[in-house]
Number of protein chains: 2
Amino acid sequence: MQMDERKRRILRAIIDDYILTGVPVGSRTISKKYETGLSSATIRNEMSDLEELGFLDQPHVSAGRIPSAKAYRLYVDSLLQSGVIPDDSAESVLGHFSGRIHQMEDVIDHAARVLSSLTQYTAVVLSPKGMEPRLQTIQLVQISMGSALVVIVTDQGVIRDSVIRISPDVDGDTLYAISRTLTNELRGCTLSEACRMLPELIRRMEGNDEVLRGLYGYFTEGQQTPRSTHVAIGGTSNMLNYPEYSDVDKARNFLSLMETRDKLAEIVRGNGELAFTVRIGPETGVPEMADCSIVTASYSTRGGQQGTIGVIGPTRMRYSRVISILNMMGHQLTDMFTGEDEEHPDGNKG
Amino acid sequence: MQMDERKRRILRAIIDDYILTGVPVGSRTISKKYETGLSSATIRNEMSDLEELGFLDQPHVSAGRIPSAKAYRLYVDSLLQSGVIPDDSAESVLGHFSGRIHQMEDVIDHAARVLSSLTQYTAVVLSPKGMEPRLQTIQLVQISMGSALVVIVTDQGVIRDSVIRISPDVDGDTLYAISRTLTNELRGCTLSEACRMLPELIRRMEGNDEVLRGLYGYFTEGQQTPRSTHVAIGGTSNMLNYPEYSDVDKARNFLSLMETRDKLAEIVRGNGELAFTVRIGPETGVPEMADCSIVTASYSTRGGQQGTIGVIGPTRMRYSRVISILNMMGHQLTDMFTGEDEEHPDGNKG
DNA sequence: TGTTAGCACTCTTCCTGTGCGAGTGCTAAC
DNA sequence: GTTAGCACTCGCACAGGAAGAGTGCTAACA
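Residues numbered from 1 in each chain as written. Chains lettered and ligands numbered in written order. Predicted model: local features only at pLDDT ≥ 70, side-chain atom pairs only at ≥ 80, totals over all residues. Heavy atoms only, no water.

Student: Is there a simple way to explain the overall build of chain A in this structure?
Tutor: Counting its regular elements, chain A contains eleven helices and ten strands. Residues classed as buried in chain A amount to 50% of the 350 residues present. Restricting to contacts in chain A with at least 6 residues of sequence separation, those with at least 24 account for 61%. (Helix = DSSP H or I, 4+ residues; strand = E, 2+ residues; numbered from the N terminus. Buried < 20%, exposed > 50% of the residue type's maximum accessible area, 1.4 Å probe, protein only. Contact = heavy atoms within 4.5 Å.)

Written out as C-alpha cells, the structure is:
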C-alpha cells in the first residue's frame, strides 16, 4: 500500500483536529469539518489504511483515531520543508525585549518566561556552551580587610566571581599588581591549564604566595565543580493545562524531571548543535517524556557559542506555531547577544 | 465549655494521627492506637465537645474528624512553647554543606534543594534583604578593547556586575586609577546617593568623562530596575505527593503561584523580620494557599541583614520536624554567612 | 457524675448492571 | 471508486445496592 496525496491530506486533517481538541478523531468529523468532499465511509477506509501504515493508532475499537509519532514526524517534516510558517502572533516576540537587560542570566530567565507565555507550553532556555573558555583577564578586588573578590573574564564573556581570603595587610595596589602579572601570564590559557601553571607562578612570585595559594584553591575547586550552564525554565504549570497530564502521577514525574536542571539541560541540549530540532515522543530518548515533544532552536553569541532555546509540550503540540515562535526568538536572542556589544545601536556595522 | 487537659491530649492525638495519615480520624482509632485508657464512646463525647469549641471539623456525618486551623495553631503554639524539638533527622542537615560553596546564590539554591529533600515539602529560600546597600569598592576591569566590566561591592557582599562600553584607547592602568578615585569618593554611599554625586565627579575628572558617562548610565539604569532578591525554590513537585493536591486544578494553581517568584517572595517574606513564623491555612492571607501552611525561619549575614528560609506544605504538615529542620538550617546558613568570612574555620573567634 | 456498651442511623465508597452514543467494519448498491 | 446502511463494539455516565466506617443517643454501670 502506498501513501497518496489524498491519504496525506486526510492524515493532515486528523492531526490538525487532534492537536486542536485532544480527543480521538472520527471519520465523520473529518468528512464534515474539513472540506474533503468525501463521505465518512470513504474516510473510514482511508483511515483503516493509514492505521495499517502505522500513522494512526486506535485507543480502542469504537474510539476515533489518534496520530502516531510517525504521523507527527511526517507532519513536522512537511512543515519544515515548506519553509517556516510565519505565524500570526510571532511578531509579538519582538516587543518583549524592549527594555535593555544587561545580565545574560536575566535575559535567559526572561526569554523562558516569554517563550512559555507565548506558546502556553513549558519553555527551557540554556545559556551558551562552547569550547572551553580561555582566560582573558584576572582581577582581584579588595572587599574588606582580609578578603578579596576574584573576577575572571574569559573570551566567552563568562564571568566567574568568588571571594577568597587574603592576608589583612595586602592592600589594593598590591592586589592590582598581582592581577596584572596573573593576567599577563595566564591570558589565553584554559582554566585547567591555568591550574597546572599556578604552582610554578606561586614559586616565582614569592612574597605574595598567600594570596596565590588562596587563588589556587579557588581554581582547583572550580575545576571539580564546573559552573554548569544556566538553565531557565518557564511555564512548568502550563503542562497541567493539557488533559495528557491530568493524571497526577504523570504530572509529578514530569515536574520532578523539570526540577533536576542538569538532567533537563542534557535532554534539551540533545545530540548536537543543530540549528533546529524536533523530537517527537520516543525520539526524545527519555522514558518520562514518551508522550512529550521537544522542539529546540539555537542562538549564538558574539564568541560563536551556541545557546539553546526549547519548548516542551505534549506530542499533539501546535508545531507550526511553536516552530515559528522559536525561530523568531532565536534570531532575537542572537541579535541581542551579537549586535548589542559590537556597535552602538544607532551606528551601522562596518 | 472549657478545654481541660484530657481534651488537649485527645486533640493532640487526633492531630498527630491526621498528620500521619491524611484521612479523617475516628473515635475508635484514637481509643485504640493511642493509649488513652478511654473507650471510643468517651472519645466521641470529647470529640463532639472539641468540634463545638471549633477545633475539629467533620467533612460529613459518618466520617471522622479533621483538625481545624485553630487546632493546628494550638498544636504549633504548644510545640514552640515547649522549646524546639530536637528531631531525629535534623542533625543530617549539617552534612549537606560539606563542600565549600562560594557564591551566595549557589548556597541559596543548594539550601532550597536540601530543605525540600529533607522535609519532602516545597522549600523557598530568599536572599538577604536589609537596609539599602552601601558601596564599598568599585572596580572597572577591562574585558576587551572598548568594553569593561563594572564590579560593585557593597557592604552586604552583594556584587552587581555589568559590562559597559568604553573608549578603545583607555587601558587597564587608567581604569585602575579611575576605580581608585571612584572608590575613594563614593565609599559608604548608597546607590542612589552615588547617582546624585556622579555628575559632579564627571565634571571634576575630565578626560575620562566617556568612561564615567557609561558608568552613570549603568547606575541610573540599575536604579530603576532594582535587582530583586534571589528566590530559590526546591521540591515543587513534592506537593503532588500529598492527596490534598491530587486535584489537578489545585495543583496548577499552586504551581503557577510558585512560578511567579516575586509574588512568592512577598508571601514567604511575610509581615516582618521575625525569627520564626508559622502561618496556618487562612493565616497566610493568600486564597490559593488556604490549605497550605508556611513555616519560615530567618538567617543573618555579616552585615546583619535577614534572609528567609521557608517550607510550604499542606496544613497537616509535620510541624515539629519542619520547625526543627528549619531551625538547624537557619543556624547553619547564619554560620556560613557570618563565620566563614571573618576567620579561618580552624581558628576561634577573637 | 463520669464512663461504657449497644444500637440505630447516616453517609461514603465500591461494585455492578444498563442504556446511550460514538465510531467502526463490512456489505451491497450506485 | 464511492457511498448508504446496518450490525457490532466499546467506553462512559448514571442508578441502585451492599458494605463499611463512624457517629449520636440512650441506658446501664461504677
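Student: Help me out: how do you make sense of the environment of B:Gly83 in this one?
Tutor: Residues and elements named next belong to chain B. Inspection of the secondary structure assignment puts glycine 83 in the loop between α4 (69-81) and α5 (104-119). For glycine 83, a relative accessible area of 27% corresponds to the partly exposed category. Counting along the chain gives 241 residues from glycine 83 to serine 324, while the straight-line C-alpha distance between them is 9.9 Å.

Student: In this structure, what is going on with the protein's contact with DNA strand D? I would like to understand it.
Tutor: The environment of DNA strand D is formed by 21 residues, the closest being A:Arg6, A:Thr42, A:Val61, A:Ser62 and B:Ser27. Of all DNA strand D atoms lying within 4 Å of any protein atom, the proportion belonging to sugar or phosphate reaches 76%. The separation between a base oxygen of DNA strand D and a polar side-chain atom of A:Ser62 is 2.9 Å. Between DNA strand D and B:Ser27, the relevant distance is 2.7 Å, taken from a phosphate oxygen to a side-chain nitrogen or oxygen of the residue. At the level of elements, α3 (40-52) of chain A together with α3 (40-52) of chain B are the ones that each hand at least two residues to the surface near DNA strand D. (Near = heavy atom within 4 Å. Polar contact = N/O pair within 3.5 Å; in protein donor to acceptor, adjacent residues only side chain to side chain.)

Student: Please clarify how the protein's contact with DNA strand C should be interpreted in this entry.
Tutor: Neighbouring residues of DNA strand C: 21 residues in total, closest A:Ser27, B:Arg6, B:Thr42, B:Val61 and B:Ser62. Across the atoms of DNA strand C situated within 4 Å of the protein, the share located in sugar and phosphate is 78%. Residue B:Arg6 places a side-chain N or O atom 2.5 Å away from a phosphate oxygen belonging to DNA strand C. Within the side chain of B:Ser62, one N or O atom sits 2.8 Å away from a base oxygen of DNA strand C. Going through the elements one at a time, α3 of chain A together with α3 of chain B are the ones with two or more residues in the surface near DNA strand C. Element by element, the count of residues in the surface near DNA strand C is highest for α3(B), at four residues. The residue makeup of the surface near DNA strand C, split by class, is six nonpolar, eleven polar and four charged. (Nonpolar A, V, L, I, M, F, W, Y, C, P; charged D, E, K, R; others polar.)

Student: I would appreciate a short explanation of the sheet that holds strand β7 (residues 231-234) of chain A in the present structure.
Tutor: What links the strands of a sheet is backbone hydrogen bonding, and the strands pair in either a parallel or an antiparallel sense. Residues and elements named next belong to chain A. Spatial strand order, β7-β3-β10-β9-β8: five strands in an open sheet with antiparallel pairing. In this open sheet, the two edge strands, each paired with only one partner strand, are β7 and β8 (276-280). In this sheet, adjacent strand axes meet at a mean angle of 15° when their direction is disregarded. Packing of helix α10 (residues 261-269) onto the sheet brings it into contact with β3 (122-129), β7, β8, β9 (292-300) and β10 (306-314), and relative to β3 it is tilted by some 85°. (Pairing = 2+ DSSP bridges. Axes fitted to C-alpha atoms, helices over the stretch in contact; angles between N-to-C directions.)

Student: What's the story with the environment of B:Glu266 in this structure? I'm lost.
Tutor: All names here are of chain B. Within the secondary structure layout, glutamate 266 lies in helix α10 (residues 261-269). When its relative accessible area of 61% is taken as the criterion, glutamate 266 is described as exposed. Separated by 31 residues in sequence, glutamate 266 and alanine 297 have C-alpha atoms that sit 15 Å apart.

Student: What am I meant to see in the packing of aromatic side chains here?
Tutor: Given two aromatic rings, their pairing is described by the distance between the two centres and the angle made by the two planes. Residue and element names in this part refer to chain A. Counted under the stated rule, the structure contains nine aromatic pairs over all chains. With a centroid separation of 5.8 Å and 50° between ring planes, the pair formed by tyrosine 72 and tyrosine 319 is classed as tilted. With tyrosine 72 in helix α4 (residues 69-81) and tyrosine 319 in helix α11 (residues 319-342), this residue pair connects regions lying 247 residues apart in the sequence. Given the relative accessible area of 2%, tyrosine 72 is considered buried. Residue class for tyrosine 319 comes out buried when judged on its relative accessible area of 0%. (Phe/Tyr/Trp six-rings, centres within 6.5 Å; stacked < 30°, edge-to-face > 60°.)

Student: Quick question: what am I supposed to make of the environment of A:Met205 here?
Tutor: Residue and element names in this part refer to chain A. For methionine 205, the position within the fold is in the loop between α7 (191-204) and α8 (209-224). Taking the relative accessible area as the measure of exposure, methionine 205 reaches 13% and is therefore buried. On a C-alpha basis, the gap between methionine 205 and histidine 230 in space is 36 Å, while along the polypeptide they are 25 residues apart. What methionine 205 contacts, discounting residues up to four positions off in sequence, is Ile178, Thr181 and Leu212.

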